[in-house]
Amino acid sequence: MGIVSTLELTLLAGCIAFVIGAVLAVVRASGSKLASGFVVVYVAYHRNIPLLVQILFWYFGITALLPAVIQSWLNQHGGGFLCGAIAIGLCMAAYVSEDLRSGMRAIPTGQYEAARAMGLSFMQTMRYIVIPQALRHAIASLVNEMLLLLKNTSLLMAIGVAELTYATRQIESQTFRTFEIFAFATLCYLAISFCIMFCGRALERHFRVAGR
Amino acid sequence: MTSNNAMIEFAGVNKFYGSYHALNNINAIVPQGEVVIVCGPSGSGKSTLIRTVNRLENIQSGKITVNGIDTQSEGINVNKMRSQIGFVFQQFNLFPHLSALENVSLGLIKVQHLSKGQAQEIAQGLLNRVGLEHKVNAFPGELSGGQQQRVAIARALSQNPPVMLFDEPTSALDPEMVGEVLAVMRELAAEGMTMMCVTHEMGFARDVANKVWFMDQGQILEESTPEEFFKSPKTERASKFLSDIR
Amino acid sequence: MIDILQNYWLLLLVGQFPNGPLGGLAMTLILAVCGIGLAFPCSIAIALALTSPFRALRASAQALVYIVRGLPLLMFIFWAYFAIPALLGTSVPGVVTMLFALVIYESVYLAEVIRGGIQALPAGQTEAARAMGLTHLQTQRIVVLPQVLYNVLPSILSQFISTIKETSLGYVISVNELTFAANQVNSILLTRPFDVYLLLAIIYFTLCFILTSCVRLLELRVERGRKSLRLKTQ
């Protein structure tokens, strides 16, 4: 029911967030003033505006700009879900890119130099040397972002997406068994959080062994 | 030396860090009014030993008695016990958000429950004694290392303890400031304070110490007078240590 | 978009005051300030519990932190929305509900910040205080907390900025804050959602950006103060 939606949203938004976040981090490191500037603005925008407002902006604001055909298609095919996932994904991408940036800062500069001395291009350096190491350093913060992502999916109930919090309210208004249903939802969130934290710790351990 | 005269007594003291035997069956006495210097290579357990006296470190077996009180006993008021032992740290550990006067008077106000006026009067006297009468309202950030350590000594003296412990008091100081701190310590010794001091300052040890304890690998290998220790150490490891530091 | 601002700036700023309850940006700021203000003493208590030498106290505090951090703020808002009237027997204005949820949520996050600060303070400070004979609580009150709170001040202010953003969730339970006010404007105009929400975004952005810059300046000052002391004892 709602749980499935929540999980789907978390995963979808998570993928968007990590992919775009990685791209942003690489762009930021590329040295091009224009590109870096764009990333800085992107991050500042997403960090200073409440996520709920971003969601509303995407759902009500941007869709109003799209041609009518796409609008009706969206309305029929769970526009809320898609817009919500995009909004959360893009927002978390900003945080992910900052985490990766810190991870990159933790890599000794000698690494970059050695890679370039070997003749690797910038993109190759990023792909084979930098990102893998940055990930290792950034794992803890990235796991935190996943947890945040999970919690932020609850915001989508504001635009009618049938995820866990929304479903909870629906059931509650129908059956009036308020406390039981909220307690159940609470336990669900806690359970999923726990799983994410557990996987995170396992990942940390895995990377630590492989690294040093 | 009889036990009646002992200010600090270690009896069968053992301490482990996990499986590492940090203090190995320590039996020793610091008599009242005497100055004991503890020296040895790093890792020998000298800092650990001195920190067990006021229970900054705990011990797994044995007994430590300070001024007749068993410091490890269950019913003891740890805070009161500590207020009667003066401890001077290598890193000074002054409270940076309090002035020198406030640092020194803190114990008097909070532990001895004196009024602020009384406490500050005593603190002022102590700061005069260590040569810092003009710096009473300065904050630690405004003082040199040597000045900070002297404030720390005044702070340790504030509650009038019968015994003073020094954990490498000059090791963190620039060489030119070591002298001013040692001068204060010499004066204290001359006044008859019982002192136990972990240090590398061999000149100080030669002049002031009544006894030198040499430690290595958690054990006290030698207990001798400074003359005996520096001229003819009894163990090979002590000889090596002395030649290394010369 | 400028015309929206010109026509509706009063609504966005203070809601329907004085013809109705206070709202808009003013309400947002009031909620944020009260939220952090009330959460602050609670967070100190929780932080002390987290670093307490008593295992039972530590464990219960850790459990509390885990639960509150594992749940979305929205969940807390709904819990408060239903639980408070049920407990008190009377209906409660949305503002109080929102404040209650914010305070619980923020005090846990602030507690974690303070706990980090306590653990980052050099151990020598606590040792020196205990060696003088100060009790654990005296040590916390006189030596640890004054230093820690100064050191983590930038993080506390960052959390305040987060709280401003979190007030936007009041929209969901019809609390009359900025996002809700913007929504009202949107339902009046109906044909220009993009402009309205863009304006909303810009207002939040400006507010948070200015505050974030202030925090960054404050961070530099605190770092400078700490560095000079660290160099002396090296």
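On a plain count of helices and strands, chain A comes out with 9 helices and 0 strands. For chain A, the α and β elements follow one another from N to C terminus as α-α-α-α-α-α-α-α-α. Residues counted as buried form 45% of the 212 residues belonging to chain A. Within chain A, contacts between residues separated by at least 24 positions form 75% of all contacts whose residues are at least 6 apart in sequence. Total accessible area on chain A is roughly 10,700 Å²; 68% of this is exposed by carbon and sulfur atoms.

Residues and elements named next belong to chain C. Running from amino to carboxyl end, helix H2 (residues 24-50) crosses helix H7 (residues 136-151) at an angle of 115°, the nearest separation of the two axes being 13 Å. When you trace H2 past H7, the crossing you get is right-handed. Of the residues in H7, those in contact with Phe 40, Ile 44 and Leu 48 of H2 are Gln 140, Leu 145 and Leu 149.

Quick look at the pattern of salt bridges now. Across all of its chains, the model carries 12 salt bridges over all chains by this definition. With a closest N to O distance of 2.9 Å, B:Asp216 and B:Arg237 form a salt bridge. Highlighted residues: B:Asp216 in strand S9 (residues 211-216) and B:Arg237 in helix H9 (residues 236-245), separated in sequence by 21 residues. Judged by relative accessible area, which is 10%, B:Asp216 ranks as buried. A network of salt bridges, in which partner residues are shared, links B:Lys15, B:Arg51, B:Glu57 and C:Glu127.

The subject of this paragraph is the sheet that holds S9(B). Residue and element names in this part refer to chain B. The strand order S6-S7-S8-S3-S9-S10 describes an open sheet built from 6 strands, whose pairing is mixed. One side of each edge strand has no neighbouring strand; the edge strands of this open sheet are strand S6 (85-88) and strand S10 (219-224). Mean inter-strand twist for the sheet, computed between neighbouring axes without regard to direction, equals 15°. Strands strand S3 (35-39), S6, strand S7 (163-167), strand S8 (194-198) and S9 of the sheet are contacted by helix H1 (residues 46-53), whose axis makes an angle of about 150° with S7. Relative to S9, H9 is tilted by about 100°, and along the sheet it contacts S3, S9 and S10.

Throughout the structure, instances matching the rule amount to 10 aromatic pairs over all chains. Relative to B:Phe230, the ring of B:Phe229 has its centre 5.3 Å away and its plane inclined at 75°; by these criteria the two rings are edge-to-face. Classification of B:Phe229 by relative accessible area gives buried; the value is 0%. Judged by its relative accessible area of 9%, B:Phe230 is buried. Relative to C:Tyr109, the ring of C:Tyr105 lies with its centre 4.9 Å away and its plane at 45°, an arrangement referred to as tilted. A residue pair is termed a helical-turn pair when its members lie 3 or 4 positions apart in one helix, as C:Tyr105 and C:Tyr109 do in helix H5 (residues 94-120) at 4 residues. The exposure classification of C:Tyr105 matches that of C:Tyr109, with both residues buried. Taken together, the ring pairs connect B:Phe214, B:Phe229, B:Phe230 and B:Phe241 into an aromatic cluster. One residue, B:Lys15, lies across the ring of B:Tyr17, its end atom 4.7 Å from the ring centre. A cation over a ring is seen here: B:Arg206 above B:Phe230, with NZ or CZ 4.7 Å from the ring centre.

Every contact between the two is made by 33 residues of chain C and, on the other side, 36 residues of chain A. Across the chain C/chain A interface, buried area totals approximately 3,200 Å², and carbon plus sulfur atoms make up 78% of it. The tally of links from chain C across to chain A stands at 0 salt bridges. For the side of chain C that touches chain A, the elements supplying multiple residues, two or more each, are helix H3 (55-70), helix H4 (73-88), H5 and helix H10 (193-232) of chain C. Ranked by residues supplied to the side of chain C that touches chain A, first place goes to H10(C) with 11 residues.

In this complex, chain B contributes 29 residues to the contact, which on the side of chain C involves 21 residues. For the pairing of chain B and chain C, the buried interface totals around 2,100 Å² over both sides, and the portion due to carbon and sulfur atoms is 58%. Seen at the junction of chain B and chain C, the total is 1 salt bridge. Note that B:Arg51 and C:Glu127 form a salt bridge whose closest N and O atoms lie 2.7 Å from each other. Applying the counting criterion to the chain B and chain C interface returns 7 residue pairs in polar contact (both at pLDDT 80 or more). Where the side of chain B that touches chain C is concerned, the elements lending two or more residues are helix H2 (78-83), S6, helix H3 (100-110) and helix H5 (145-157) of chain B.

A few words now on the confidence of the model for chain A. A low pLDDT means the predicted coordinates there should not be read in detail. Per-chain confidence: chain A averages 77 in pLDDT, with 88% of residues scoring 70 or above. Per-element confidence in chain A is highest for helix H2 (residues 33-48) of chain A, whose mean pLDDT is 84, and lowest for helix H4 (residues 68-76) of chain A, whose mean pLDDT is 70.

The next thing to look at is the environment of B:Asn67. Residues and elements named next belong to chain B. Tracing the backbone through its elements, the reader meets Asn 67 in the loop between strand S4 (61-66) and strand S5 (69-70). Asn 67 sits 47 residues away from Leu 114 along the chain, and the two C-alpha atoms are 23 Å apart. Filtering out sequence-adjacent residues up to four positions away, Asn 67 remains in contact with Met 7 and Pro 162.

Turning to the pairing of S9(B), a few remarks are in order. All names here are of chain B. Of all the 6 residues making up S9, 5 are buried; the element is thus mostly covered by neighbouring parts of the structure. Across 5 bridges, S9 lies against S10 in antiparallel orientation. For Trp 213, the partnering residue across the bridge sits in S10 and is Glu 223. Taking the residues between adjacent antiparallel strands as the criterion, S9 and S10 are bridged by 2 residues, where Gln 217 takes a positive phi near 50°.

Thresholds, definitions, all that
- Residues numbered from 1 in each chain as written.
- Chains lettered and ligands numbered in written order.
- Predicted model: local features only at pLDDT ≥ 70, side-chain atom pairs only at ≥ 80, totals over all residues.
- Heavy atoms only, no water.
- Helix = DSSP H or I, 4+ residues; strand = E, 2+ residues; numbered from the N terminus.
- Buried < 20%, exposed > 50% of the residue type's maximum accessible area, 1.4 Å probe, protein only.
- Contact = heavy atoms within 4.5 Å.
- Areas by Shrake-Rupley, 256 points an atom, 1.4 Å probe, with all protein chains shown as cover.
- Axes fitted to C-alpha atoms, helices over the stretch in contact; angles between N-to-C directions.
- Left-handed = near helix turned anticlockwise from the far one by under 90°.
- Salt bridge = Lys/Arg side-chain N within 4 Å of Asp/Glu carboxyl O.
- Pairing = 2+ DSSP bridges.
- Phe/Tyr/Trp six-rings, centres within 6.5 Å; stacked < 30°, edge-to-face > 60°.
- Lys NZ or Arg CZ within 6 Å of the ring centre and 35° of its normal.
- Buried area = accessible area lost by both parts, 1.4 Å probe.
- Polar contact = N/O pair within 3.5 Å; in protein donor to acceptor, adjacent residues only side chain to side chain.
- pLDDT = per-residue confidence, 0-100.

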